[in-house]
Amino acid sequence: MRLLARASAAGLICCVVPALAQTTAEPAEAPLVPGVAAGPPEVASWRAVFSPLAVHFSSSPNHRRVVLLGVERERPDGIVGGGAVFSNSFGQPSAYLFGGQRFYRWSRWDPLYAEWSAGLIYGYVGQYKNKVPLNYEGFSPGLTVGLGWQFTPTFAGQIHLLGNSGMIFSVSVDWP
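Read on for a plain summary of the structure. (Residues numbered from 1 in each chain as written. Predicted model: local features only at pLDDT ≥ 70, side-chain atom pairs only at ≥ 80, totals over all residues. Heavy atoms only, no water.)

## Here we look at the environment of V71
- Among the secondary structure elements, V71 is positioned in strand β2 (residues 68-74).
- The class of V71 is partly exposed, set by a relative accessible area of 35%.
- Sequence separation between V71 and R47 is 24 residues; the distance between their C-alpha atoms is 5.6 Å.
- If near-sequence neighbours (up to four positions away) are discounted, V71 is found in contact with W46, R47, G81, G82, G83 and W175. (Helix = DSSP H or I, 4+ residues; strand = E, 2+ residues; numbered from the N terminus. Buried < 20%, exposed > 50% of the residue type's maximum accessible area, 1.4 Å probe, protein only. Contact = heavy atoms within 4.5 Å.)

## Looking at the pairing of β2
- Where burial is concerned, the two faces of β2 differ: the one with L68, G70, E72 and E74 is buried and the one with L69, V71 and R73 is not.
- Across seven bridges, β2 lies against strand β3 (residues 79-87) in antiparallel orientation. Considered in β3, the bridge of E72 is made with G82.
- The turn joining β2 and β3, which pair antiparallel and follow one another in sequence, is formed by four residues; a positive phi near 90° is taken by G78. (Pairing = 2+ DSSP bridges.)

## A few points about the sheet that holds strand β7 (residues 155-162)
- What the eight strands build is a closed barrel, ordered β1-β2-β3-β4-β5-β6-β7-β8; its pairing is antiparallel. The mean angle between the axes of side-by-side strands here comes to 25°, regardless of whether they run parallel or antiparallel.
- By the bridge criterion, nine bridges tie strand β1 (residues 45-56) to strand β8 (residues 166-175) in an arrangement that is antiparallel. The partner of A48 across the bridge, within β8, is V173. (Axes fitted to C-alpha atoms, helices over the stretch in contact; angles between N-to-C directions.)

## Observations regarding the pairing of β1
- Of the strand pairs in this sheet, β1 and β2 are connected by seven bridges, and their pairing is antiparallel. Each bridged residue has a counterpart across the sheet, and for S51 the counterpart in β2 is L68.

## Thoughts on the nonpolar core
- In this structure, L68, F86, Y96, I121, Y124 and I168 are the most contacted members of the largest nonpolar core, which totals 14 residues.
- Taken together, the elements giving at least two residues each to this core come down to β1, β3 and β4 (93-103).
- If near-sequence neighbours (up to four positions away) are discounted, I121 is found in contact with F86, A95, Y96, G138, F139, S140, P141 and G142. (Core = buried A, V, L, I, M, F, W, Y, C linked by side-chain atoms within 4.5 Å.)

## Digging into the side chain of Q158
- Within the fold, Q158 resides in strand β7.
- Taking the relative accessible area as the measure of exposure, Q158 reaches 4% and is therefore buried.
- Of the polar contacts made by the side chain of Q158, one reaches the side chain of S172; its length is 3.1 Å.
- In contact with Q158, other than residues within four places in its own chain, are R102, Y113, E115, L147, G148, I168, F169, S170, V171 and S172. (Polar contact = N/O pair within 3.5 Å; in protein donor to acceptor, adjacent residues only side chain to side chain.)

## A closer look at the packing of aromatic side chains
- A full pass over the atoms with the stated rule returns six aromatic pairs.
- Measuring from centroid to centroid gives 4.7 Å for Y122 and F139, while their planes differ by 50°, and the two rings are tilted. Taken together, the residues Y122 in strand β5 (residues 112-122) and F139 in strand β6 (residues 139-150) connect sequence positions 17 residues apart.
- Take F139: its relative accessible area is 41%, and that puts it in the partly exposed class.
- A ring pair is formed by F151 and F155, whose centres lie 5.9 Å apart and whose planes are at 35°; its orientation type is tilted. (Phe/Tyr/Trp six-rings, centres within 6.5 Å; stacked < 30°, edge-to-face > 60°.)

Below, the structure is given as structure tokens:
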């Protein structure tokens, strides 16, 4: 499982670093998976996010199913902000308030985008307070990096790396 964690982290880093450079790629051949060119909205828009699945890099009998519901707002410059409520890996109700950014048109596949978020997590309390770093009274910093694929103009799927703990898979729907 550690090999999977390291490989996932290396893959995300290899994809996110070029995104930070924001270079324009040459037009590429059509992707094997259907999609539309991803890009920031012309005017600020809202996005609903649902995640039915998280995969942990290590197994524990204490791990529970993680389900997340969130909402975020994206500005025309790709800056995002929002919040999510979720059941954490130990079945505790939790929340994440965040800001971040999406990066578009950095790869040869126009539907592919990268994103990051940083914010404040609440919810790892009691015997699980040490499962997240820098936890104080249930509050701790959060950071995610991820990749997404724009399937239609309003529907996308994402994979986010959750530190060295795991990955979460989500889908999102945009509306004005």
